[in-house]
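Below, each chain spelled out in residue letters.
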Protein chains: 2
Amino acid sequence: MGYVDFGYKPSKDDLVCLFRIEPNHEERVPYRKAAEMVAGESSTGTWTELKTMNKKVRNMGAKVFEMRGNWFKIAYPSKLFEEGNMPQILSSVAGNIFGMKAISKLRLEDIKWPEKIMKSFKGPKFGIPGVRKILKVSNRPLVGTIVKPKIGLTPKQHAKVAYESWVGGCDIVKDDENLTDQNFNRFEERVKETLKMRDRAERETGDKKAYMPNVTGETKEMIKRARFVRKQDGRYMMVDIVTTGWAGLQTLRNQNINLVMHAHRAGHAAFTRGNHGISMLVVADIARLIGVDQIHVGTAVGKMVGGKEEVKHVGEEIEERIIREGHHSLEENWGEIKPVFAVCSGGLQPGLVPRLVEIMGSNIIIQAGGGIHGHPNGTKSGARAMRQALNSAMEGIPIEEYAKKHKELKIAIRKWGKI
Amino acid sequence: MGYVDFGYKPSKDDLVCLFRIEPNHEERVPYRKAAEMVAGESSTGTWTELKTMNKKVRNMGAKVFEMRGNWFKIAYPSKLFEEGNMPQILSSVAGNIFGMKAISKLRLEDIKWPEKIMKSFKGPKFGIPGVRKILKVSNRPLVGTIVKPKIGLTPKQHAKVAYESWVGGCDIVKDDENLTDQNFNRFEERVKETLKMRDRAERETGDKKAYMPNVTGETKEMIKRARFVRKQDGRYMMVDIVTTGWAGLQTLRNQNINLVMHAHRAGHAAFTRGNHGISMLVVADIARLIGVDQIHVGTAVGKMVGGKEEVKHVGEEIEERIIREGHHSLEENWGEIKPVFAVCSGGLQPGLVPRLVEIMGSNIIIQAGGGIHGHPNGTKSGARAMRQALNSAMEGIPIEEYAKKHKELKIAIRKWGKI
């Protein structure tokens, strides 16, 4: 078929994908053949020779140019893609290929974007520097919470939990992924009540505070909600990027509404977990390109999957400007595209914070829901305990030592332990 | 935690999900405990007891009400969901749960929609009866093709392949999933050229012909493209629903543009294949609810995964009004929501058609790309061979018998064989 060329050197205009494969051994498909079929199906080929094929089209085919064991790289000429159209790009390089009988498992591990395609997306409006500027926190990780119970509170109850979180020491309060606009808690009322409490918490603490309402929904509704938030003097919005989908996310970003965009990744693990599907690295990559400012990447230490290496790796991919090639990833030069805040969320509690900061560094948002609102003395104490845990990490004091003089932390560790 | 109640009978307002699970055996999580954690995380719970919990919220929790081996059902009170907001619903029942450490595999097999939620989505505008009316084909399967090579032809070349397909006997011609608006083949020019050829093919054959241009893209661009198609007197559009995402698809459907909506599923197999993720049944279910008129479901016999049972099952789910409960599925009453055409596409060729029709019945669209444009005598002969294969199936004549008097079919079988 001609979709393999180990002598080929990718040009700077090529989009390069790194795949991991398991061919269909039952059908005795060899590795090289399976890789070639992936390159064909994701560019100009199909399962049989075509009478309608011509030389010009043949030259547009993708090429497997490197293969080591079950890892291989494909270079795609960028003219195969429509600039600024993420669904189209993914329908090519992350489309039919996952369903081919010739493979039994296939994982898209990383994408290297050529400059031309990179420039056709907006990238983050704020990124890490913009968010730090709004919150006036220059060095340490930000501390956030999710209002819990995740669903069921009234707007007033919601706002009260948010208020206690802020005055206890949280920088950020967010809605959970499944709270949008339900009967028991209407979006507009919640936003108004909670932003009112944000203002109060700012006055009382003298610090900047952020509220991230979940605008997730059908595209026009999302835009309407985001505009409403801005009108109420909100500075942030949150979107469930996976269940919303790339078209909707692009549209929301394209409106250029003056709100920090926080990306929740609910649903990602349906395809990022295991040896088949798309890696979380690719999801985070796409989100940076389209232009979220913050994205959930895992915790390495909490209730969700995602080991230390993976989470760290994803964190670097969205934070650094220059990415060097590694075993599981391709090089990348993000150029002017701003760095994105890695959000560590899912089963976090104060006792895990020092280890988390050690792994992930300071450019992260540490989010705890249960780990704050489950504190035996309630939300305000839970938020205090989190800040104390962070302080211990920033000051390099062992957490058990720090807990001796900070009762909220002491109580939290007694309940949940530490690592 | 209280998320299990085997005495509970779901009410008609509950949304019910059927899951298959593999708990994390390394962490020795028992089946029941794992199922309970899924119910908690996807409704009102988290990993620890909350001080902010109250009785009203506790009563809104989801319930595992049935469990057999590794299959279990959860009933969700419909008030947990926002009507008409598919991303929100999926962020709940197909969100964080896939990433929980307590499970090693989890698959959402089916969803039963309560009437209230069902009514909050539009459903198909045309459905099977509407499409049959436009094409004036009342009984037999429709025959479609994808212009191949899938990418790289100019608009004029594209239109010519389409023309030959139609005059050879195809009812439908569609763009492929990765062709949208690239430099080598601009969307508007392609639509104009191809619809011109459609008109010519209609005049020459006296039959109705359909062209399905791929409008996939950022939401506003999709809407713009769909409106352009309508203005050019097109009657169909095609969307890559998985890479576009549910928000964008809902928005496009909500515009109520007078075009049949054809759903390509490129990318689905990243999460529908294997024992973890979301079943194709659920994807098709959601697509019917939002309102596509046609959707790719697999072929049972072609180049893509999807065995006979699965494909047949998905076909029934989108075609029938009343779905009876089975081992892998929940009952459903689709009420006034129209039936959707199952599209069988991927590696089809004439020799597979009789078996396909035997499995899937007559309410399907049979699509072949390579199996038409790879015919040794070219596209027109390929289209003829497909219609001949279909005729043999409809008339109950063995295909090898029929091929004796139909040379295009004979040549096709000589090249690709039959089953």
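Remarks on the overall build of chain A
- The helix and strand inventory of chain A stands at 18 helices and 15 strands.
- Taken over 419 residues, chain A has a buried fraction of 67%.
- At a minimum sequence separation of 6, the contacts of chain A that also span at least 24 residues come to 75%.
- Computing the positive centroid from 68 side-chain charges and the negative centroid from 49, chain A places the two 3 Å apart.

What to know about the packing of aromatic side chains
Residues and elements named next belong to chain B.
- Per the stated rule, a full pass over the model turns up 6 aromatic pairs over all chains.
- When the ring of F19 is compared with that of F72, the centres are 5.5 Å apart and the planes differ by 25°; the resulting orientation is stacked. Note that F19 is positioned in strand β1 (residues 14-23) and F72 in strand β3 (residues 71-77), a separation of 53 residues in sequence. We note that F19, like F72, is buried.

Looking at the pattern of salt bridges
- As enumerated under the stated definition, the model contains 59 salt bridges over all chains in all.
- When the shortest N-O distance is used, the salt bridge between K73 of chain A and E325 of chain A registers 2.6 Å. Of the two residues, K73 of chain A sits in strand β3 (residues 71-77) while E325 of chain A sits in the loop between β12 (322-323) and β13 (332-333), which places them 252 residues apart along the sequence.
- A relative accessible area of 45% places E325 of chain A in the partly exposed class.
- One salt bridge connects K224 of chain B with E221 of chain B, and the closest N-O pair in it is separated by 3.7 Å. Here K224 of chain B pairs with E221 of chain B, and both are found in helix α8 (residues 219-231), just 3 residues apart, close to one helical turn.

What to know about the interface of chain A and chain B
- Across the boundary between the two partners, chain A contributes 98 residues, which contact 97 residues of chain B.
- Around 7300 Å² of area is buried between chain A and chain B when both sides are counted, 54% of it from carbon and sulfur atoms.
- Here chain A and chain B share 4 salt bridges between them.
- We note a salt bridge from R225 of chain A to E82 of chain B, for which the minimum N-O separation is 2.6 Å.
- On the surface where chain A and chain B come into contact, there are 52 residue pairs in polar contact (both at pLDDT 80 or more).
- Top contributing element to the side of chain A that touches chain B by residue count: helix α10 (residues 246-254) of chain A, with 6 residues.
- The residue makeup of the side of chain A that touches chain B, split by class, is 33 nonpolar, 47 polar and 18 charged.

Considerations on the pairing of strand β5 (residues 142-146) of chain A
Residue and element names in this part refer to chain A.
- Buried residues dominate β5, accounting for 5 of its 5 residues.
- Taking every second residue as pointing to the same face, both faces of β5 are buried, with L142, G144 and I146 on one and V143 and T145 on the other.
- Of the strand pairs in this sheet, β5 and strand β15 (residues 364-368) are connected by 4 bridges, and their pairing is parallel. Among the inter-strand pairings, V143 is bridged to a residue of β15, identified as I366.
- A crossover connection joins β5 to the parallel strand β6 (residues 172-174) through helix α6 (residues 155-168); in handedness this β-α-β unit is right-handed.

Side note on the relation of the copies chain A and chain B
- When chain A is fitted to chain B, the residual RMSD is 0.0 Å, and the transformation amounts to a turn of 180° plus an axial shift of 0.0 Å. Taken together, the rotation angle and the small translation identify this as a two-fold axis. No C-alpha of chain A lies nearer the rotation axis than that of G245 of chain A, which sits 1.8 Å from it.
- Mapped onto chain B, 99% of the interface residues of chain A again fall at the interface, so both copies present the same surface.

Some remarks on the environment of K133 of chain A
- Position of K133 of chain A relative to the elements: it lies in helix α5 (residues 127-135).
- Sequence separation between K133 of chain A and D171 of chain A is 38 residues, and the spatial gap between their C-alpha atoms is 13 Å.

Quick look at the confidence of the model for chain A
- In this model, chain A carries an average pLDDT of 96, and 100% of its residues clear a pLDDT of 70 or more.
- Scored by ipTM, the complex comes to 0.97, with pTM at 0.97.

Quick look at helix α12 (residues 280-290) of chain B
- The buried fraction of α12 of chain B is high, at 11 of 11 residues.
- Once α12 of chain B ends, the next one or two residues include G291 of chain B, with phi positive near 120°.

Details of the side chain of S91 of chain B
- Structurally, the position occupied by S91 of chain B is in helix α3 (residues 86-93).
- S91 of chain B sits in the buried class, given a relative accessible area of 0%.
- A distance of 2.8 Å separates the side chain of S91 of chain B from the side chain of T243 of chain A, its partner in a polar contact.
- Excluding its chain neighbours within four sequence positions, the residues that come into contact with S91 of chain B are E177, D240, T243 and A266 of chain A together with N96 of chain B.

Some words on the packing of helix α12 (residues 280-290) of chain A against helix α13 (residues 308-319) of chain A
Residue and element names in this part refer to chain A.
- Interhelical geometry of α12 versus α13 gives an angle of 20° and a closest axis separation of 9 Å. Our classification of the angle between α12 and α13 gives roughly parallel. α13 is crossed by α12, and the crossing has right-handed handedness. Contact residues: M280, L281, A284, D285 and R288 in α12; E310, H313, V314, E317, I318 and E319 in α13.
- Each residue belonging to the contact of α12 with α13 can be placed in one class, and the counts come to 5 nonpolar, 1 polar and 5 charged.

Considerations on the sheet that holds strand β8 (residues 236-240) of chain A
Residue and element names in this part refer to chain A.
- The parallel open sheet is built from 8 strands, whose spatial order is β7-β6-β5-β15-β14-β11-β9-β8. Both outer strands of the open sheet, β7 (210-212) and β8, are each paired with one neighbouring strand and no more. Going from strand to strand, the sheet's axes swing by 25° on average, the running direction of each strand aside.

Some points on the sheet that holds strand β11 (residues 294-296) of chain B
Residue and element names in this part refer to chain B.
- Strand order across the open sheet formed by 8 strands is β7-β6-β5-β15-β14-β11-β9-β8, with parallel pairing between neighbours. On the outer flanks of this sheet lie β7 (210-212) and β8 (236-240), each paired with one strand and no other. The average undirected angle you get between the axes of adjacent strands in this sheet is 25°.
- One ladder, built from 5 bridges, connects β8 with strand β9 (residues 260-264); its direction is parallel. When the sheet's bridge partners are listed, D240 is paired in β9 with H264.

Remarks on helix α5 (residues 127-135) of chain B
Residue and element names in this part refer to chain B.
- Among the 9 residues in α5, 7 count as buried, and that is most of the element.
- All of the buried residues along α5 are G127, I128, G130, V131, R132, I134 and L135.
- Of the residues trailing α5, K136 is marked for its positive phi of about 55°.

Digging into a positive patch on the surface
- On the surface, a cluster of positive charge is contributed by K220 and R227 of chain A together with K220 and R227 of chain B.
- Contributing elements (two or more residues each) for the positive patch: α8 (219-231) of chain A together with α8 of chain B.
- As for its position among the elements, K220 of chain B is in helix α8.
- Take K220 of chain B: its relative accessible area is 43%, and that puts it in the partly exposed class.

Digging into the packing of helix α16 (residues 379-395) of chain A against helix α18 (residues 407-416) of chain A
Residues and elements named next belong to chain A.
- Interaxial distance between α16 and α18 falls to 8 Å at its minimum, and their mutual angle equals 95°. In this view, α16 runs roughly perpendicular relative to α18, as classed from their interaxial angle. The segment α16 lies against α18, with S381, R384, A385, Q388 and A389 engaging E408, L409 and A412.
- For the contact of α16 with α18, the per-class residue count stands at 4 nonpolar, 2 polar and 2 charged.

Observations regarding the environment of I172 of chain A
Residues and elements named next belong to chain A.
- Tracing the backbone shows I172 in strand β6.
- Taking relative accessible area as the criterion, I172 reaches 0% and is therefore assigned buried.
- Once the C-alpha coordinates of I172 and F19 are considered, the two residues, 153 residues apart in sequence, prove to be 37 Å apart.
- The contacts of I172, once residues within four sequence positions are left out, are L135, L142, V143, G144, T145, W166, A210, M212 and I365.

How each quantity is defined
Residues numbered from 1 in each chain as written. Chains lettered and ligands numbered in written order. Predicted model: local features only at pLDDT ≥ 70, side-chain atom pairs only at ≥ 80, totals over all residues. Heavy atoms only, no water. Helix = DSSP H or I, 4+ residues; strand = E, 2+ residues; numbered from the N terminus. Buried < 20%, exposed > 50% of the residue type's maximum accessible area, 1.4 Å probe, protein only. Contact = heavy atoms within 4.5 Å. Lys, Arg positive; Asp, Glu negative; His and termini not counted. Charge placed at Lys NZ, Arg CZ, Asp CG, Glu CD. Phe/Tyr/Trp six-rings, centres within 6.5 Å; stacked < 30°, edge-to-face > 60°. Salt bridge = Lys/Arg side-chain N within 4 Å of Asp/Glu carboxyl O. Buried area = accessible area lost by both parts, 1.4 Å probe. Polar contact = N/O pair within 3.5 Å; in protein donor to acceptor, adjacent residues only side chain to side chain. Nonpolar A, V, L, I, M, F, W, Y, C, P; charged D, E, K, R; others polar. Pairing = 2+ DSSP bridges. Right-handed = clockwise from strand over helix to strand, strands pointing away. Least-squares fit on C-alpha atoms with pLDDT ≥ 70 in both. pLDDT = per-residue confidence, 0-100. Axes fitted to C-alpha atoms, helices over the stretch in contact; angles between N-to-C directions. Parallel < 35°, antiparallel > 145°, perpendicular 65-115°, else oblique. Left-handed = near helix turned anticlockwise from the far one by under 90°. Patch = residues over 30% accessible without salt bridge, like charges linked within 9 Å, V, L, I, M, F, W, Y side chains within 5 Å. Areas by Shrake-Rupley, 256 points an atom, 1.4 Å probe, with all protein chains shown as cover.

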